[in-house]
Amino acid sequence: MSTRSFPGMPLFDSATYFNQIPRNSVFPDASPAVEIFVLGLSVEGALDDFRYTKDFLLSYSKKSQDTYDKFRGDAERLLLWSWLVKRKSVSMLRRRDLEEYTDFVAKPDPSWQSESVERRFTRKNGLREPNPRWRPFRLAGAGKGRLNTKSWQGLFSNLSVYFNYLMAEDYALGNQIPIVKKNCPYLIQQSGINTARRLSELQWEYLLSSAQSMADKEPLYERTLFVIATLKSLKLRISELSERPNWLPVMSHFHRDHEGNWWFRAFGKGSKERDVSISNEYIQFLIRYREYRGLSPLPSKDSSEPLIESRADNRGLGSRQLRNIVELALNEGCDALVRDGFTVEATELRAATTHWLRHTGASMEVAAGRNLAHVQADLGHGSIRTTDELYVDSDNMERASSAKGQEV
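The rules behind these values
Residues numbered from 1 in each chain as written. Predicted model: local features only at pLDDT ≥ 70, side-chain atom pairs only at ≥ 80, totals over all residues. Heavy atoms only, no water. Pairing = 2+ DSSP bridges. Helix = DSSP H or I, 4+ residues; strand = E, 2+ residues; numbered from the N terminus. Axes fitted to C-alpha atoms, helices over the stretch in contact; angles between N-to-C directions. Parallel < 35°, antiparallel > 145°, perpendicular 65-115°, else oblique. Left-handed = near helix turned anticlockwise from the far one by under 90°. Contact = heavy atoms within 4.5 Å. Phe/Tyr/Trp six-rings, centres within 6.5 Å; stacked < 30°, edge-to-face > 60°. Lys NZ or Arg CZ within 6 Å of the ring centre and 35° of its normal. 1 Å grid on protein atoms, 1.4 Å probe; cavity = no way out; pocket = protein on both sides within 12 Å on 5 of 7 lines; lining within 4 Å. Points joined across faces, edges and corners; volume = space filled by probe spheres on them. Nonpolar A, V, L, I, M, F, W, Y, C, P; charged D, E, K, R; others polar. Salt bridge = Lys/Arg side-chain N within 4 Å of Asp/Glu carboxyl O.

Re the sheet that holds strand 5 (residues 254-256)
- Pairing is antiparallel across the open sheet formed by three strands, whose spatial order is 5-6-7. Two strands bound the open sheet, and with one partner strand each, they are strand 5 and strand 7 (273-277). Sheet twist, expressed as the average angle between the axes of neighbouring strands with direction ignored, equals 35°.
- In this structure, strand 5 lies alongside strand 6 (residues 262-267), joined through three bridges in antiparallel fashion. Considered in strand 6, the bridge of Phe254 is made with Phe264.

Spelled out as structure tokens, the structure:
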């Protein structure tokens, strides 16, 4: 990372603190540094930019933590670039400006990048102080930081929603994002076979055994082992395991029916609840984790303990903290693969994210012969076609199979 200092700062805190801002206030009382920064900019319209963006994010902050985080990240980066690089209000950005912005996103200035994910704000003397180590972008490398096609599509989608909001408020003159997206040289229109974003049997074996070794050597890593096993075995999104403004996963979300089957109550996309079926083998990981925490082997309907506990207080963990836990385990798994000579597999594993564990769990169950409709219900997909396309891809598998017998 560049040693040059970053001229900006984070603008919007996590949803928990963001929602504490009074609706009629522009700036949070707990973060006076943000107000000083915005009002100190020599950019006409910066204050209005901040106010309209704050109102835009407010409509998402109480619905979904992940959705708020995505809109916050893309809007915040654009605001900072517009103010610090173009020296103009976001409402004054035109097509050429936004095309220039995509070039910047593809290759950010080194001073705008950090080597790891950092908190935006830290608590100090009762205030939320901007973290000086935070940067808008993550340093590219080992599969991290660079935007793939799906990320570019997400960026354009989020910014288009943002500019549509500004237009509806009569603040922006138009929305040039669809045109910029159409001509973007970094957005590859894919029509080929999707590369599976999942772990192989070997990679999963090494990841799980590495997490088990960590827990065996140091009990503090029992939490790491449980998170890895839960994301894969229950096929959860990271948000479904994290504490959010409207949801805290607790132990009583594990429940047993009258036939003795165990289920997990998940709160997923669209504020929809679903019950995820649980294997007998996973129950052993649940028992191990609960015994480490000094709890009874299995939870009851009155078990109110946070599912993944914070060591600071009786709270759950946010998605960022959970991702850090998973990343630590992934690094251990990579190191183990390298030691045993599986360098290619290790390189692939370094590109993995938490969501790969969800894909891995579903794909392995389908490969083992589990009914696709049952996997669909556990995943919370509205259509079995979605499950098939993501984890089986029957049409392409049949096409590949029919080609193998053809003569040259």
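From this point, the narrative continues.
With respect to the packing of helix 5 (residues 95-106) against helix 6 (residues 149-168)
- Packing of helix 5 against helix 6 brings their axes to within 13 Å, and their N-to-C directions diverge by 140°. With respect to helix 6, the element helix 5 is oriented oblique. Relative to helix 6, the crossing made by helix 5 is right-handed. In this structure, helix 5 uses Leu98, Tyr101, Thr102, Val105 and Ala106 to contact helix 6, whose residues at the interface are Trp152, Leu155, Phe156, Leu159 and Phe163.

Points about the packing of aromatic side chains
- In this structure the tally under the stated criterion is 25 aromatic pairs.
- Both rings, one in Phe6 and one in Trp112, keep their centres 5.0 Å apart while their planes meet at 75°; by these two values the pair is edge-to-face. Of this pair, Phe6 sits in the segment before helix 1 (15-18) while Trp112 sits in the loop between helix 5 and strand 1 (113-114), and the two are 106 residues apart along the sequence.
- Feature note: the residues Phe56, Tyr60, Phe71, Tyr162, Phe163 and Tyr165 constitute an aromatic cluster, connected by ring pairs.
- Directly above the aromatic system of Tyr52 lies the positively charged group of Arg51, at a separation of 4.8 Å from the ring centroid.

With respect to the layout of surface pockets
- Size it by volume and the second largest pocket reaches roughly 380 Å³.
- Lining the second largest pocket are 19 residues, with Lys232, Ser233, Ser279, Glu281 and Glu365 sitting closest to its centre.
- Breaking the lining of the second largest pocket down by element, the ones donating at least two residues are helix 8 (201-217), helix 9 (222-233), helix 10 (280-292) and helix 13 (355-367).
- Broken down by class, the residue content of the lining of the second largest pocket amounts to eight nonpolar, four polar and seven charged.

Some remarks on the pattern of salt bridges
- Counted under the stated rule, the structure contains 24 salt bridges.
- With a closest N to O distance of 3.1 Å, Glu100 and Lys86 form a salt bridge. Remark: Lys86 occurs in the loop between helix 4 (65-84) and helix 5 and Glu100 occurs in helix 5; sequence separation between them is 14 residues.
- Among the salt bridges present, the one from Lys235 reaches Glu365, with a minimum N-O distance of 3.0 Å. With Lys235 in the loop between helix 9 and strand 5 and Glu365 in helix 13, the pair connects residues that are 130 residues apart, well separated along the chain.
- The network of salt bridges with shared partners includes Lys86, Lys88, Asp97 and Glu100.

What about empty space enclosed by the protein?
- A full pass over the atoms with the stated rule returns one cavity of 30 Å³ or more.
- There is about 40 Å³ of room inside the largest cavity.
- Forming the walls of the largest cavity are Leu98, Tyr101, Thr102, Leu155, Phe156, Leu159, Ile177 and Val180.
- Listing elements by their share of the lining of the largest cavity, those giving two or more residues are helix 5, helix 6 and helix 7 (177-182).
- The residue inventory of the lining of the largest cavity, partitioned by class, reads seven nonpolar, one polar and no charged.

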